[in-house]
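Secondary and tertiary structure notes
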Amino acid sequence: MSHTRQVLFYAPKHGNTEAEWEDGAAAAPADGAGRGPRFAVADGATQGFGSARWAQQLVAGFVGDQGTAPELTADALHRWAADMQDRWRDDPRLAGATDLQRLKQATVGSFATFLGCELRDLTGPRPRWTAVALGDAVLFHVRGHRVVAQFPPIPADEFGSNPDGLPTGAAGLAEMIGRASFAEGDLADGDLLYLATDAFAQWVAAADLRDRRALWTTLAGLDHPEAFRALVADRRAAREMVNDDVTLLRVRLDRRPAEHLVVCL
Amino acid sequence: MENYRQSVSRADPGCVVILLDRSDSMKLAWGRTGASLADGAALAVNNILLDMCIKATTEVNAPVRHYFDVGIFSYGARVGEAGEGVESAFGGALAGRGLVPLPELAEHPMAVREEPSIDLMPVSARMPVWVDPVHGHRTPMCQAIAVAGAHVFDWAAAHPDSFPPIVVNITDGMVTDSPYDGATLQDWARRLTSIETNDGATLFFNVFLSPFEVTEIVFPSDPGGLPPPGPDLFALSSPLPRPMVDNARVDGYDVRPGARGLAFNVGRSTLLRVLQIGTRVPDRVR
Amino acid sequence: MTTRNAIVLALTAVCAAVGGLIGLQTWDLDFWRSVTVVVVGALLGVLLAFGVLTTDRRPVTRTHHPTPAVAEREPVFAQAASSSEPETKPANRTWWAEAPAPPATTTATKPQEPLRQGYDVDRAVVAQCPRCGDFRLDLKQDGESCAFHCRNPNCGHRWEWRAGTPWPTTVVRRNLTG
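A short tour of the structure in this document, coming up. These figures come from a predicted structure and were not determined experimentally.

1. Re the overall build of chain A
A tally of helices and strands in chain A yields 6 helices and 12 strands. Across the 265 residues of chain A, 63% fall into the buried class. Of the contacts made within chain A by residues no fewer than 6 positions apart, 70% connect residues no fewer than 24 positions apart. In the structure as shown, chain A presents an accessible area of about 9,000 Å², 50% of it carried by carbon and sulfur atoms.

2. Describing the overall build of chain B
Check the secondary structure of chain B and you find 7 helices and 12 strands. For chain B, the residues scored as buried account for 62% of the 286 residues in total. Only carbon and sulfur atoms are counted for the fraction: they give 52% of the accessible area of chain B, which is about 10,200 Å².

3. Re the packing of aromatic side chains
Ring pairs (aromatic) are described by centroid distance and by the angle formed between their planes. Going through the model one piece at a time under the given rule, you end up with 25 aromatic pairs over all chains. The interplanar angle of 80 degrees and the centroid separation of 5.7 Å between the aromatic rings of F219 of chain B and Y253 of chain B together place this pair among those described as edge-to-face. Here the residue F219 of chain B occupies a position in the loop between β11 (217-218) and α5 (230-236), and Y253 of chain B occupies one in the loop between α6 (242-250) and β12 (262-266), the gap between them amounting to 34 residues. Aromatic side chains F148 of chain C and W159 of chain C sit 4.9 Å apart centroid to centroid with 15 degrees between the ring planes, which places their arrangement in the stacked category. Of this pair, F148 of chain C sits in strand β3 (residues 145-150) while W159 of chain C is found in strand β4 (residues 158-162), placing the two residues 11 residues apart along the sequence. Like W159 of chain C, F148 of chain C is buried.

4. Some thoughts on the environment of H137 of chain B
Residue and element names in this part refer to chain B. Mapped onto the elements of the fold, H137 is located in the loop between β6 (124-129) and α3 (141-158). Its relative accessible area of 44% is what places H137 among the partly exposed residues. Separated by 113 residues in the primary sequence, H137 and D24 have C-alpha atoms spaced 5.0 Å apart. With sequence-adjacent residues up to four places away left out, H137 is seen in contact with S23, D24, G76, A77, G83 and E84.

5. Some points on the sheet that holds strand β1 (residues 3-11) of chain A
Residue and element names in this part refer to chain A. Reading across the sheet, the 5 strands line up as β1-β11-β10-β6-β7 and stay open at both edges, with antiparallel pairing between neighbours. Every other strand in the sheet has two partners, leaving β1 and β7 (146-151) as the edge strands with one partner each. Across the sheet, the axes of successive neighbouring strands diverge by a mean angle of 15 degrees, strand direction being ignored. Summarising the sheet, strand β10 (residues 192-196) and strand β11 (residues 246-254) pair through 5 bridges and their orientation is antiparallel. Residue L195 lies in a different strand from β11, and its bridge partner there is L249. Sheet strands touched by helix α5 (residues 198-221): β6 (138-143), β7, β10 and β11. Its angle to β11, the strand with the most contacts, is close to 40 degrees.

6. Examining empty space enclosed by the protein
In this structure the tally under the stated criterion is 6 cavities of 30 Å³ or more. Space inside the second largest cavity adds up to approximately 80 Å³. Together, R5, Q6, V7, R250 and R252 of chain A together with V121, A124 and V126 of chain C line the second largest cavity. Elements with a minimum of two residues in the lining of the second largest cavity: β1 and β11 of chain A together with β1 (124-126) of chain C. Here the lining of the second largest cavity takes 3 residues from β1 of chain A, the largest share from any one element. Looking at side-chain class alone, the lining of the second largest cavity contains 4 nonpolar, 1 polar and 3 charged residues.

7. With respect to the nonpolar core
Residues and elements named next belong to chain B. In this structure, L49, I170, L209 and F219 are the most contacted members of the largest nonpolar core, which totals 62 residues. The element best represented in this core is helix α1 (residues 37-55), accounting for 13 residues. The residues contacting I170, other than those within four sequence positions of it, are I18, L19, L20, D21, A41, V45, Y75, V207, L209, L271 and L275.

8. Description of the packing of α1 of chain B against helix α7 (residues 268-279) of chain B
Residue and element names in this part refer to chain B. With their axes 9 Å apart at the nearest point, α1 and α7 run at an angle of 35 degrees to one another. As α1 packs across α7, the resulting crossing turns out to be right-handed. Contacts between α1 and α7 involve G40, A41, L43, A44, V45, N47, I48 and D51 from the former and R268, L271, L272, L275, Q276 and T279 from the latter. Looking at side-chain class alone, the contact of α1 with α7 contains 8 nonpolar, 4 polar and 2 charged residues.

9. Comments concerning the interface of chain A and chain B
With 40 residues of chain A at the contact, the number on the chain B side is 31 residues. Across the interface of chain A and chain B, roughly 2,800 Å² is buried in total on both sides, 46% from carbon and sulfur atoms. Its largest share of buried area at the contact with chain B, chain A owes to Q47, L100 and R239 of chain A, together 23% of the area lost on that side. Joining chain A to chain B, the criterion identifies 5 salt bridges. A salt bridge links R53 of chain A to E59 of chain B, with the shortest nitrogen-to-oxygen separation between them at 2.7 Å.

Quick notes on the rules
Just so you know, the residues in each chain are numbered from 1, in the order the chain's sequence is written. Chains carry letters from A onward and ligands carry numbers from 1 onward, assigned in written order. Side-chain atom pairs in this predicted model are given and counted only at pLDDT of 80 or more, local residue features only at pLDDT of at least 70, and totals for whole chains, interfaces and linings cover all residues. Hydrogens and waters are ignored; side-chain quantities use all the structure's heavy atoms. Strands here mean DSSP runs of E at least two residues long; helices mean DSSP runs of H or I at least four residues long; both are numbered from the N terminus. Burial status follows relative accessibility: with a 1.4 Å probe on protein chains alone, a residue under 20% of its type maximum counts as buried, one over 50% as exposed, and anything between as partly exposed. Contacts are assigned to residue pairs that have any heavy atoms within 4.5 Å of one another. Values of accessible area rely on a 1.4 Å probe in the Shrake-Rupley scheme; residue burial ignores everything except the protein chains shown. Each pair of aromatic rings taken from Phe, Tyr and Trp, with Trp reduced to its six-membered ring, is defined by centres within 6.5 Å and is described as stacked if the planes are under 30 degrees apart, edge-to-face if over 60, and tilted in the remaining cases. If DSSP finds at least two bridges between two strands, the strands pair. Between the N-to-C directions of two axes lies an angle of 0 to 180 degrees, each axis being a line fitted to C-alpha atoms and, for a helix, fitted only over the stretch in contact. The way it works is a 1 Å grid over only the protein atoms, where trapped points that fit a 1.4 Å probe form a cavity and open points with protein on both sides within 12 Å along at least five of seven lines form a pocket, and then any residue with an atom within 4 Å of a point lines it. Grid points are joined across faces, edges and corners, and a volume is the space filled by probe spheres set on the points. Residues are sorted three ways: Asp, Glu, Lys and Arg are charged, Ala, Val, Leu, Ile, Met, Phe, Trp, Tyr, Cys and Pro are nonpolar, and all the rest, Gly among them, are polar. Take the buried residues of types Ala, Val, Leu, Ile, Met, Phe, Trp, Tyr and Cys, join any two whose side-chain atoms come within 4.5 Å, and each joined set is a nonpolar core. Should the near helix be turned counterclockwise from the far one by less than a right angle, the crossing is left-handed, whereas a clockwise turn marks it as right-handed. In this description, buried area is defined as the sum, over both parts, of the accessible area (probe of 1.4 Å) that is lost when the two are combined. The salt bridge definition used is simple: a Lys or Arg side-chain nitrogen within 4 Å of an Asp or Glu carboxyl oxygen.

As structure tokens, then:
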């Protein structure tokens, strides 16, 4: 099971521009030094300041695109998150901030839910995923048309009530890191992992109860961003999905290499 | 899916309207603040407008987002023309305007000046001001609903998928123009709350200010025990929808089932908290 | 529309018209019926060609890919209230007596089954810009080696990828994209 293939879909809240999408999503292959492929999604606080930058900083940092990627332990995550905070606060773009913007950065800052995942031992005896979560971004581990594991295990009607996430302010960081949850699960050939931020994850959790075969067939078949956006628009129109930024990162595990390359027009 | 779930976005912005009593009795001193009810109400309104602008400020090099259209309508003394009546309470470049998009509001305060702390702390801060304290004449509350209602009606028709309009009435007195145009205050409130979007009916909240330091009653679920005009205002006020119940509970209020959007005999800082709770529409937060 | 597509469309129209004219030799029709046959024939030909051409099958690394109808990417902005709303309302306006526009009802459709047109999605790599996450890409292929160029005007990233190797580290940066 040496091959992983991922795709990152995203859509801003209806009515917002592309640049106003305040989630984050990143994926990285194994680093050749023992770290497996990594994937992350984050969801920046709508009412924060610089939330898109914060969410992006977190996912890029976790997969090793900005600074050193953290180990999946509480201590390592704490050090890493503090470094991310420094980078966010020292962003040179802030030189042009208005008074209102400076006030909000200083008094409110930002906050993001976070879900990071690493695949380990893919060619060894016990391939598995291991993940860390703060808040209600969710990983669904799917085999066939059945959810093998959901992490964190949030029921569809309890999304939005989890206050956990990573803040830009140093004060609450240690406490939040202490609330991080960790999990892992064994992988098999053909398994799919879906990492989704809350609005999409909530819909998935509810749709899985209604008609899981249709749900997972649809999600496994997504191969074009407009197909993803059409799905999101349709579910929003049906009022099944909250109008929020949405992100879906799909990872497919396969012992066979890819046969096709899809380039979208 | 239940109502009052829609979050704000630029395609589906929210609408907040404040009806501001500028009757003569607003000149009374507000408890031990040393300032009048009119001063305190204007301060709270300016604070909530600043709050809304700050919430819609999201990134460097980006304008304040158009998350709300905002209207402030005063009733009682008029500034634009002499005498009693209803008018837009905005001053400066926005004078006479009905509903104003938030980015425009942020751009055009009538002044930026030193203002006292709303919670009576001995500090002041420079802050933008959109509304001045004014008082005089009687309390034409029905007319205020009639005028604001026309704006709300048109707004709801133009934004059918938005969170319903939120109308907050800040008053210290009894209505003096009921019946107005053949309809009582209760009729006007019914007319106002019959304006709907796909997400529910217009919300009508009432805040009653008292110059005396008496027990505050916030979001009551029962009109029993409320002194006049409490029971009448209770009947006029919309039930608090779920997201605002959640807001209020987060802020420490014991909100019972059936609670109404009414705050009675409140002080200055409570007025601001109630405005914050009542204008915080459901947000995914993240 | 590419030049190739335009040529195909034009040729299809001409062939359909010629076909219609040849057909007229077989039946004896009056003038207006003849015109109708030629025009309808040409239109059907053009529509058929459109159907074929819009089902894109760009050959890439041993495969084709289906393209759903391209949706509008730019969001629709709410009209600012200041520009759409009269500032002064007539004092005698009886808005409460006006019939409110009934809230529009939205009907949902079932999620559609994915279209799998000639390739196995399970075995496909979906190409995506590593720098910004955009999917609008140009590709030059040389055997197993692929040279990509991101068409996002705010990105323009170029990179290479070889079939069988992992996709490079990808971070979605929508704030690059405006």
